[in-house]
Structure formats: structure tokens, C-alpha cells
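As a plain string of letters, each chain reads:
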Amino acid sequence: MREAGLPVTVRVDGTPGPMEEGVALTVYRIVQEALTNALKHAGAATALVRLTFTAGSLAVEVTDTGRGPGPTPDRIGHGLVGMRERVALYGGILRTGPRPGGGFRVYARIPLEPVGAVLA
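First, a word on what this report is: a plain description of the structure on this page. (Residues numbered from 1 in each chain as written. Predicted model: local features only at pLDDT ≥ 70, side-chain atom pairs only at ≥ 80, totals over all residues. Heavy atoms only, no water.)

**Describing the overall build of the protein chain**
Broken down by element type, the protein chain carries 2 helices and 5 strands. The helix and strand sequence of the protein chain, counted from the amino end, reads β-α-β-β-α-β-β. For the protein chain, buried positions account for 34% of its 120 residues. Excluding contacts between residues fewer than 6 apart, the proportion of contacts in the protein chain whose partners are at least 24 apart in sequence is 66%. Only carbon and sulfur atoms are counted for the fraction: they give 55% of the accessible area of the protein chain, which is about 7,400 Å². (Helix = DSSP H or I, 4+ residues; strand = E, 2+ residues; numbered from the N terminus. Buried < 20%, exposed > 50% of the residue type's maximum accessible area, 1.4 Å probe, protein only. Contact = heavy atoms within 4.5 Å. Areas by Shrake-Rupley, 256 points an atom, 1.4 Å probe, with all protein chains shown as cover.)

**Comments concerning the pattern of salt bridges**
All chains considered together, the criterion is met by 3 salt bridges. Note that Asp-13 and Arg-11 form a salt bridge whose closest N and O atoms lie 3.2 Å from each other. For Asp-13, a relative accessible area of 18% corresponds to the buried category. In this structure, Glu-61 engages Arg-105 in a salt bridge whose closest nitrogen and oxygen atoms are separated by 2.5 Å. Placement of the pair is Glu-61 in strand β3 (residues 57-64) and Arg-105 in strand β5 (residues 104-111), with a sequence separation of 44 residues. The class for Glu-61 is buried, based on a relative accessible area of 19%. (Salt bridge = Lys/Arg side-chain N within 4 Å of Asp/Glu carboxyl O.)

**Let's talk about empty space enclosed by the protein**
Scanning all chains against the criterion turns up 1 cavity of 30 Å³ or more. Counted as a void, the largest cavity has a volume near 40 Å³. If you go around the largest cavity, the residues you meet are Ala-34, Asn-37, Ala-38, Val-62, Thr-63, Asp-64, Phe-104 and Val-106. Those elements that provide at least two residues to the lining of the largest cavity are α1 (21-41), β3 and β5. Residue composition of the lining of the largest cavity, grouped by class: 5 nonpolar, 2 polar and 1 charged. (1 Å grid on protein atoms, 1.4 Å probe; cavity = no way out; pocket = protein on both sides within 12 Å on 5 of 7 lines; lining within 4 Å. Points joined across faces, edges and corners; volume = space filled by probe spheres on them. Nonpolar A, V, L, I, M, F, W, Y, C, P; charged D, E, K, R; others polar.)

What follows is the structure, given as C-alpha cells:
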């Protein structure tokens, strides 16, 4: 994204650990889609990707400093729908929308199960 013209900062809080491949792919796709949307729609902007690991969950937040949504803020694109579906598969939540003062925010929280855990 940086090479395409979107300055991106990545921040990791907490201690990353092993996670299911599907969860890892979901996180990757959320970040990829959010940054692609920022590049396409935010104009001159910067972006922040923040991953926060806790004992039982992973929070993914992508924010940008761009101009925010276009003239049809009620329109939900396919990328946002795809993110919502992926997060829901793992019992997580997704929140998206304009930020106060400008820009856009994508936030997902996904519960993490210990890798290899046997579910009763």
C-alpha cells in the first residue's frame, strides 16, 4: 500500500500467538480490504493498522485520515459485507463507519480459541 501511495503504520499490542488458519486469513482479508478501500476512497490520507491481542480475542482496527464516505453513506459495499460474513463465521463483531473529524474506521473483534483445543 505504501508503494501505491497510502502511508501505513502498523501497531501490535499484546503478544501474538498461534491461531487457526481461517482466523489468520480473515484478519489478513479485513486489513487488505480496509486498506484497499482507503486507497480508493480516502484521497490524500494516512492509515493505521492496529492489532490488539488479549487472552481470548484479537481486535483488528484500520483507520484512515481521509475524506470519509462519499455522498451515499448508507451504501454498504461488497467488501464490507464480505468482512462482516468472515468475522461472523468465528463469532466476532465488525463495526465500520466514518470517524469524527473525518476518515473511516473498520474494527473487528474475533474470539480466539487455543489452537488444537478439543471442543466438548
